[in-house]
Amino acid sequence: MIKLRPKTAKISNAILVITFLSLLVISIVFSAEASIDHSSGYFQQKAKSAEGKKKSKEKLPEKYRKWLEEEVVYIITPVEREIFLKLKNDREREMFIEAFWKHRDPVPETEENEFKTEHYKRLEYVNKYFGRESTKPGWKTDRGRIYIILGPPNDIQHIDGKSEVYNCEIWFYQGKTDLGLPAGFNLLFFQEKGTGEMRLYSPVNDGPQALLTGYWGDPADYMKAYEQLRQIDPILANVSLSLIPGEENQSLGRPTLSSDLLLRQIELTPRKMVEDKYARKFFEYKDIVEVEYTANYLDSDYLVKVSKVPQGYYFINYVLEPKRLSVNQYDNRFMTNLKLNGTLSTLDGRLVYQYEKNYPVQMTETQMKERASQPVAIYDVFPCVPGEYKLSVLLKNEASKEFTSLEQTVRIPGRSGVEMSSPILAYKISPVEAGGRVKAFMLGNYQLYLQANRVFASREELAVVLQVHGLTEELKDKASLKFQIMKGQEQQLFREKIVPLREVDTLPEVIQVFPLNDFQPAHYFLNVSLLVNGHEQITTKEEFDVSYLEALPRPWVLSRVLPSLDNAYYGYIIGTQLYHLGRLAEARTTLEKAVAASPETEELAMALARVYVAQKEYDKVPALLDRFLNREKAAAYETYFMVGQALFESGKYERAIEVLDKAVNHYGTDINLLNLIGDCYLKVGRKEEALAVWQKSIELNSEQPELKKKMEAAKKH
């Protein structure tokens, strides 16, 4: 659905939002530690460390302590509370509070946050009306807590002025099934012992006898108390056994447990109103993304797969599917830019590869209407050296200032011999021209289309695609693939197929298509095993769902096209990764080959120059990079600096000064340039000039203790 935001109603700068409806019902299990203290009626959350929690509270400024402990105490989730207490300053707390309310806004396209407005109305009401009979503020009372969580009841029945029972109120609610609560239910509050505030009644813990002013029977005899109460007020008597109408069962002799389960469900209700994953993402990215993005985390689905090409390169393919896409409208065109930042690092945190890509989105009004109900999928791919890595991807929408992310561990074994990839489950495959450019999820001569959730409609076909590399001609005669599809959690065998690899004419790609028309809606498991002479050698697994729906809205895909595999681009990326992994000899070989193929690419030459510097072969750097210094167009700043640094290390100080002076002319001064120029001056005996340059560096950044020591030492000689 597309909606104009009233706050940006001008056509020239309107924000439109494409909202994607979820196709699956997701069951969420809440396992946070919590308990209801019936003696006081106050909901207690157990902290992981009471001492640590107390310490964190003491550090909070009063404004934020009040927000956490009074204003949102009943609706904040344990995860949100944990993250909020970890924040270090007021700026972070304000950004978190903004995100907290934003992720509860039922209609984010409007100016007003209806949830926040309603919450503070409830808070004001309970403090005004429910604190009169207590020394506590209204929000701390049982009625106040329930009112804040559930809102005003549909009906209130007052029972007071009767000498035989304590004053009571029966609150009736209906229409809360979206929160996982019964279609209709009662909540009973009573004035215990006839004094003080109204307390929430528990049929199991209190029982009918707690409502009677004159019950002298056995405290465990619920039915006797019930019969006595029924003579006084039949409606109250029924509620005293069960809070859920129609569940009163007098034959059991005591109240049912379903009422106390209901009370617990109510206390946990606020946690069901929000996916608190955003809070962890806020904490993780608060120092990385710009301030205007921080509160606007979007959930997303993603899937990562590894493929291999005949040239020997491995590729990491991934799809990222944000739950919503927002665009700006300019006249009759709709546009945004999606900026993607990716990092690949070793499991111990060493950076291996970093990249930035842009996905511009431009649509006509017709295209906008066609895509309004469709999801959007961003496909990306890049080559990678074998190893085990953490892949982190940050996607930012520059129109709406929203962001989402992907984090996954990726393992590329790179073993010799036979390799079999993890299967990719596609809803569509299309033939492509052989030997062309590279795209994400393009395997061999086929482009695959898939979604991260791996959900299929019964009218569709399931395409299972995988790769088997390293097969000798002899092995092809002996090898086969066994496809097994198991249904449900019991993994009962549903379909099995064995394919001799000698019969597969698309190797190393293997494609098997399974019509789903006889697949019942369920969760399925797929095992693909490589058999040699009938014996299992390698097995890979996947899972998928078949939906009740006959058709599913498939995404429109944003994907970049990479150069053909003979392009030096791949040598640059692989060589850079090898350099960051410390595999300098391999990096040098790879990059020298790439530079020979594309000698005029400055960025590529710089990558090789870094390897030369790391190997301390400084004389090779000027020879490699001089061509870029002598062009009419200025070289990159890093090129000037690296040549200057290499010349300095080679003892060619005067030449280094010439190169570094060019950098100053083109890019101005910074402390790195000035410090290196000063070092060169000192080496050629121009001490006064060195001191003058260093002094300018100190003026730019006074926090340079090592430089100050160097200046003092120079002055003494």
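The structure we're discussing is the one just above.
Note that the structure is a prediction, hence the values are computed from the model and not measured. Going along each chain's sequence as written, the residues are numbered from 1 onward. Whole-chain, interface and lining totals are the exception, using all residues; otherwise, since this is a predicted model, local features are given only for residues with pLDDT of at least 70 and side-chain atom pairs are given and counted only at 80 or more. Where side-chain values are given, they derive from all heavy atoms of the structure, hydrogens and water being excluded.

**Q** So what exactly am I meant to see when it comes to the sheet that holds strand β7 (residues 184–190) here?
**A** Hydrogen bonding along the main chain pairs the strands of a sheet, whether they run parallel or antiparallel. Read across the sheet, 4 strands follow the order β5-β6-β7-β8 without closing on themselves; strand pairing throughout is antiparallel. Edge positions in the open sheet fall to β5 (155–159) and β8 (199–200), since each of these has one partner strand only. Note: two strands are recorded as paired if DSSP finds a minimum of 2 bridges between them. Helix and strand definitions follow DSSP, with helices as H or I runs of at least four residues and strands as E runs of at least two, each counted in order from the N terminus. Relative to β8, β7 is paired through 2 bridges, and the arrangement is antiparallel. What sits directly across from Phe189, in β8, is Leu200. The criterion used for residue contact is that any of the two residues' heavy atoms lie within 4.5 Å. Each axis is a line fitted through C-alpha atoms, and for a helix only the stretch in contact is used; angles between axes span 0 to 180 degrees, taken between their N-to-C directions. Here helix α8 (residues 234–241) sits on the sheet and contacts β5, β6 (168–174) and β7; the angle it forms with β6, its principal contact strand, is near 65°.

**Q** Before we go on, may I ask you to explain the pairing of strand β12 (residues 333–346) in this structure?
**A** A regular strand places its side chains on the two faces of the sheet in alternate fashion. In the sheet, strand β11 (residues 324–330) pairs with β12 via 3 bridges, with the strands oriented antiparallel. The partner of Tyr330 across the bridge, within β12, is Arg333. Where β11 hands over to β12, the hairpin turn is made up of 2 residues, of which Asp331 adopts a positive phi near 55°. By the bridge criterion, 13 bridges tie β12 to strand β13 (residues 351–364) in an arrangement that is antiparallel. Within the sheet, the bridge partner assigned to Thr336 lies in β13 and is Val361. What sits between the antiparallel neighbours β12 and β13 is a turn of 4 residues, in which Gly349 has the positive phi angle 100°. Across 9 bridges, the pairing between β12 and strand β15 (residues 387–397) is antiparallel. Residue pairing across strands places Thr346 opposite Tyr389, the latter belonging to β15.

**Q** In this structure, what is going on with the pattern of salt bridges? I would like to understand it.
**A** For side chains bearing opposite charge, pairing can occur when the charged atoms are close. Here, a salt bridge means any side-chain nitrogen of Lys or Arg that lies within 4 Å of a carboxyl oxygen of Asp or Glu. Evaluation of the coordinates by the stated rule reveals 52 salt bridges. In this structure, Arg199 engages Asp206 in a salt bridge whose closest nitrogen and oxygen atoms are separated by 3.0 Å. Here's how the labels work: a residue is buried when its accessible area is under 20% of the maximum for its type, exposed when over 50%, partly exposed in between, all with a 1.4 Å probe on protein chains only. On the accessibility criterion, Arg199 (7% relative accessible area) is buried. On the basis of relative accessible area, Asp206 is assigned to the buried category, the value being 12%. A salt bridge links Arg230 to Glu227, with the nearest nitrogen and oxygen atoms 3.1 Å apart. Residue Arg230 and its partner Glu227 are both found in helix α7 (residues 222–232); the two are separated by 3 residues, about one turn of the helix. On the basis of relative accessible area, Glu227 is assigned to the partly exposed category, the value being 31%. Salt bridges here are not isolated pairs; linked through shared partners, they connect Glu473, Lys476, Asp477 and Arg502.

**Q** Before we go on, may I ask you to explain the pairing of strand β10 (residues 314–322) in this structure?
**A** The buried fraction of β10 amounts to 9 of the 9 residues, a majority that puts the element mostly inside the structure. Of the pairings in the sheet, the one linking strand β9 (residues 300–308) to β10 comprises 9 bridges and is antiparallel in character. Note on β10: the bridge partner recorded for Ser300 is Pro322. Counting the residues that bridge the hairpin from β9 to β10 gives 5 residues, and of these Gly312 lies at a positive phi of roughly 100°. Of the pairings in the sheet, the one linking β10 to strand β14 (residues 376–384) comprises 7 bridges and is antiparallel in character. Within the sheet, the bridge partner assigned to Phe315 lies in β14 and is Pro383.

**Q** Is there a simple way to explain the packing of aromatic side chains in this structure?
**A** Describing an aromatic ring pair means giving the distance of the ring centres and the angle of the ring planes. Put simply, two rings from Phe, Tyr or Trp (the six-membered ring, in Trp's case) pair if the centres are within 6.5 Å, and we call them stacked under 30 degrees between planes, edge-to-face over 60, tilted for the rest. Overall, the coordinates contain 37 aromatic pairs when judged by the stated rule. Between Tyr125 and Tyr129, the aromatic rings sit 4.6 Å apart at their centres with planes inclined by 40°, giving tilted as the arrangement. Residue Tyr125 and its partner Tyr129 are located together in helix α5 (residues 114–129), separated by 4 residues, close to a single helical turn. For the ring pair Tyr637 and Tyr667, a centre distance of 6.0 Å and an interplane angle of 85° mean the geometry is edge-to-face. In this pair, Tyr637 is assigned in helix α18 (residues 637–649) and Tyr667 in helix α19 (residues 653–667), connecting sequence segments 30 residues apart. Its relative accessible area of 19% is what places Tyr637 among the buried residues. Since its relative accessible area comes to 40%, Tyr667 is described here as partly exposed. Site record: aromatic cluster; members linked through ring pairs are Trp67, Phe84, Phe96, Phe100, Trp101, Phe115, Tyr120, Tyr278 and Phe282. Either the NZ atom of lysine or the CZ atom of arginine qualifies as a charge over a ring when it sits within 6 Å of the ring centre and within 35 degrees of the ring normal. Note that Lys396 overlies the ring of Tyr293, its terminal NZ or CZ placed 5.3 Å from the centroid. The ring of Tyr612 carries the charged tip of Lys620 above its face, separated from the ring centre by 5.9 Å.

**Q** Help me understand the packing of helix α14 (residues 568–580) against helix α15 (residues 584–597) in this model?
**A** In a pair of packed helices, the angle between the axes and the distance between the axes together describe the arrangement. Following both chains from N to C, one finds α14 and α15 inclined at 160°, their axes separated by 8 Å at the closest point. With respect to α15, the axis of α14 lies roughly antiparallel. Pair α14 / α15 crosses with left-handed handedness. Counting all contacts with α14, which are made through Ala568, Gly571, Tyr572, Ile574, Gly575, Thr576, Leu578 and Tyr579, the residues of α15 involved are Leu584, Glu586, Ala587, Thr590, Leu591, Ala594 and Ala597. Looking at the contact of α14 with α15 residue by residue, the class counts come to 10 nonpolar, 4 polar and 1 charged. Convention used here: angles under 35 degrees read as roughly parallel, angles over 145 as roughly antiparallel, angles from 65 to 115 as roughly perpendicular, and any remaining angle as oblique. Put simply, a crossing is left-handed when the front helix is turned counterclockwise from the back one by less than a right angle, and right-handed when it is turned clockwise. Polarity classes work like this: nonpolar for Ala, Val, Leu, Ile, Met, Phe, Trp, Tyr, Cys and Pro, charged for Asp, Glu, Lys and Arg, and polar for all others, with Gly in that last group.

**Q** Would you take a moment to explain the nonpolar core for this structure?
**A** Considering soluble globular proteins, one finds that nonpolar side chains tend to be buried as a cluster. Grouped together as the largest cluster of nonpolar side chains are 82 residues, with contacts concentrated most on Ile316, Tyr318, Leu344, Phe382, Leu391 and Leu625. Among the elements that take part in this core, helix α16 (residues 602–614) stands out by supplying 8 residues, more than any other. Each residue touching Leu625, except ones within four places of it in the same chain, is listed here: Ala605, Met606, Ala609, Thr639, Met642 and Val643. Counting residues in each nonpolar core, the second largest holds 43 residues, with Tyr74, Leu188, Tyr226 and Leu241 among its members. Side-chain atoms within 4.5 Å are what join buried Ala, Val, Leu, Ile, Met, Phe, Trp, Tyr and Cys residues into a set we call a nonpolar core.

**Q** Please clarify how the packing of α18 against α19 should be interpreted in this entry.
**A** The contact between α18 and α19 brings their axes to 8 Å, and the two run at 165°. Classified by the angle between their axes, α18 and α19 sit roughly antiparallel to one another. By crossing handedness, the relation of α18 to α19 is classed as left-handed. Between α18 and α19, the contacting residues are Tyr637, Tyr640, Phe641, Val643, Gly644, Leu647 and Phe648 on the first element and Tyr653, Arg655, Ala656, Val659, Leu660, Lys662, Ala663, His666 and Tyr667 on the second. Partitioned by chemical class, the residues of the contact of α18 with α19 number 12 nonpolar, 2 polar and 2 charged.

**Q** Whenever I open this one, the side chain of Ser326 confuses me. Can you help?
**A** Examined against the element boundaries, Ser326 turns out to sit in strand β11. Taking relative accessible area as the criterion, Ser326 reaches 0% and is therefore assigned buried.

**Q** Explain unusual backbone geometry to me, please; I cannot follow it from the model alone.
**A** Excluding glycine, residues mostly carry a negative phi; peptide bonds, for their part, are mostly trans. Look at the link from Leu507 to Pro508: it is a cis peptide, with omega at 10°. The phi torsion at Lys193 lies on the positive side, around 60°, for a residue other than glycine. The residue Lys193 is located in the loop between β7 and β8 in this model. With phi around 55°, Asp331 is a residue other than glycine that occupies positive phi space. Looking at the secondary structure, you find Asp331 in the loop between β11 and β12.

**Q** Help me understand helix α9 (residues 258–272) in this model?
**A** Each α-helix turn comprises 3.6 residues. Residues three or four places apart therefore point the same way. The terminal C-alpha atoms of α9 lie 19 Å apart, and with 15 residues this matches the ideal 21 Å at 1.5 Å per residue to within 8%. Two axes enter the definition of the bend at a residue: one is fitted to the seven residues ending there, the other to the seven starting there, and the bend is the angle between them. Of all the bends in α9, the greatest reaches close to 35° and is centred on Ile266; the proline Pro270 follows between one and four positions later. Listed as buried for α9 are Ser259, Asp260, Leu262, Leu263, Ile266, Glu267, Leu268, Thr269, Pro270 and Arg271. What a helix is expected to span follows from its residue count: subtract one and scale by 1.5 Å.

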